[in-house]
Amino acid sequence: MRVGIGNDIHRLEEGRRLVIGGVTIPSDRGEAAHSDGDVLIHAIIDALLGALALGDIGVWFPDSSTKTEGMDSALMLSRVIEETRCRIANVDTTVSLERPKLRPYIQSIRERLADIMGISADRISVKAKTAEGLGPVGEGKAVSAEAVVLIE
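Read on for an overview of the structure.

Thresholds, definitions, all that
Residue indices follow the written sequence of each chain, beginning from 1 at its first position. With pLDDT at 70 or above as the cut-off, local features in this predicted model cover only qualifying residues; side-chain atom pairs require 80 or more to be listed or tallied, and sums for whole chains, interfaces and linings still use all residues. Only hydrogens and water are set aside when side-chain values are computed; all heavy atoms of the structure are taken into account. Secondary structure follows DSSP: runs of H or I at least 4 residues long count as helices, runs of E at least 2 residues long count as strands, and numbering of each begins at the N terminus. Residue burial is assigned from relative accessible area. The probe radius is 1.4 Å, only protein chains are included, and a residue is buried under 20% of its type maximum, exposed over 50%, and partly exposed in between. Note on contacts: a residue pair qualifies if any of its non-hydrogen atoms lie within 4.5 Å across the two residues. Each accessible area is a Shrake-Rupley estimate made with a 1.4 Å probe; only the visible protein chains count as cover when residues are assessed. Strand pairing follows a simple DSSP-based rule, namely that at least 2 bridges must link the two strands. Throughout, an axis means a line fitted to C-alpha atoms (over the contacting stretch in the case of helices), and angles, computed between N-to-C directions, take values from 0 to 180 degrees. Angles are sorted into four bins: roughly parallel if under 35 degrees, roughly antiparallel if over 145, roughly perpendicular if 65 to 115, and oblique for all others. Each residue is assigned to one class: nonpolar for Ala, Val, Leu, Ile, Met, Phe, Trp, Tyr, Cys and Pro, charged for Asp, Glu, Lys and Arg, and polar for all the others, Gly among them. Polar contacts, as used here, are pairs of N or O atoms within 3.5 Å; protein pairs need one atom able to donate a hydrogen and one able to accept it. Residues neighboring in sequence count only if both atoms are side-chain atoms. By salt bridge we mean one thing: a side-chain nitrogen of Lys or Arg within 4 Å of a carboxyl oxygen of Asp or Glu.

Let's talk about the overall build of the chain
In terms of helices and strands, the chain carries 5 helices and 7 strands. Walking the chain from its N terminus toward its C terminus, one meets helices and strands in the order β-β-β-β-α-α-α-β-α-β-α-β. Counting only C-alpha atoms, the chain reaches 40 × 35 × 25 Å along its principal axes. For the chain, the proportion of its 152 residues judged to be buried stands at 50%. Excluding contacts between residues fewer than 6 apart, the proportion of contacts in the chain whose partners are at least 24 apart in sequence is 70%. Here the chain displays about 7,700 Å² of accessible surface, and carbon together with sulfur accounts for 48% of that area.

As for the sheet that holds strand 5 (residues 88-96)
The mixed open sheet is built from 5 strands, whose spatial order is 4-1-7-5-6. Of all the strands in the sheet, the pair left with one neighbour each is strand 4 (29-31) and strand 6 (124-129). Taking each pair of neighbouring strands and ignoring which way they run, the sheet shows an average axis angle of 20°. Across 8 bridges, strand 5 lies against strand 7 (residues 142-151) in antiparallel orientation. Residue pairing for strand 7: D92 is matched across the bridge by V148. The strands touched by helix 4 (residues 106-117) are strand 5 and strand 6; relative to strand 6, the strand with the most contacts, the crossing angle is about 140°.

With respect to the packing of helix 3 (residues 73-84) against helix 4
Two numbers describe how helix 3 lies on helix 4: the axes approach to 9 Å, and their chain directions differ by 40°. Here helix 4 runs oblique to helix 3, going by the angle between their axes. Contacts between helix 3 and helix 4 involve A74, L77, S78 and I81 from the first element and R112, I116 and M117 from the second. The residue makeup of the contact of helix 3 with helix 4, split by class, is 5 nonpolar, 1 polar and 1 charged.

Comments concerning the environment of D72
Residue placement: D72 occurs in the loop between helix 2 (57-60) and helix 3. We classify D72 as partly exposed; its relative accessible area is 34%. Once the C-alpha coordinates of D72 and G37 are considered, the two residues, 35 residues apart in sequence, prove to be 8.4 Å apart. A distance of 2.8 Å separates the side chain of D72 from the backbone nitrogen of A74, its partner in a polar contact.

What to know about the pattern of salt bridges
The tally for this structure, following the rule as stated, stands at 6 salt bridges. For E152, the salt bridge identified is with R87, shortest N-O distance 3.4 Å. Of the two residues, E152 sits in the segment after strand 7 while R87 sits in the loop between helix 3 and strand 5, which places them 65 residues apart along the sequence. The exposed category is assigned to R87, whose relative accessible area is 55%.

Details of the pairing of strand 7
Among the 10 residues of strand 7, 7 are classified as buried, and the element is accordingly described as predominantly covered. Direction of pairing for strand 1 (residues 2-14) relative to strand 7: antiparallel, over a ladder of 10 bridges. Each residue of the ladder has a partner; that of H10, found in strand 7, is V143.

Right, here's the structure in full:
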């Protein structure tokens, strides 16, 4: 058994899609990033790679590469799982976003992540928090995510 942690944060910009855990959330702002900017999947990827001591998302998918520009983060996660052949026991995550509220989308996010990772949704926890008006997340300027994974 091995444990890994990951986190990610992205600025929010008007005219971009807000993608959380492979699900597009209706919003007037989305993540500014080289790829699709899915902070939750990026945090999960970093947690998996950390558990395996294989670097981080930037090593596997550099933001200087034209191949990764606009890339779907679900494909990144699928590739990491396929290439590392890791068996995921469970995933625990937290997304911090002031608005929109994520509560209505939590189950869809869990199901989408389960599909991508090839595990049951009951092995995936997704929690949504605000930052109570503090810092860039609380000011509505950013979205962040943290993930912990246990692999076998």
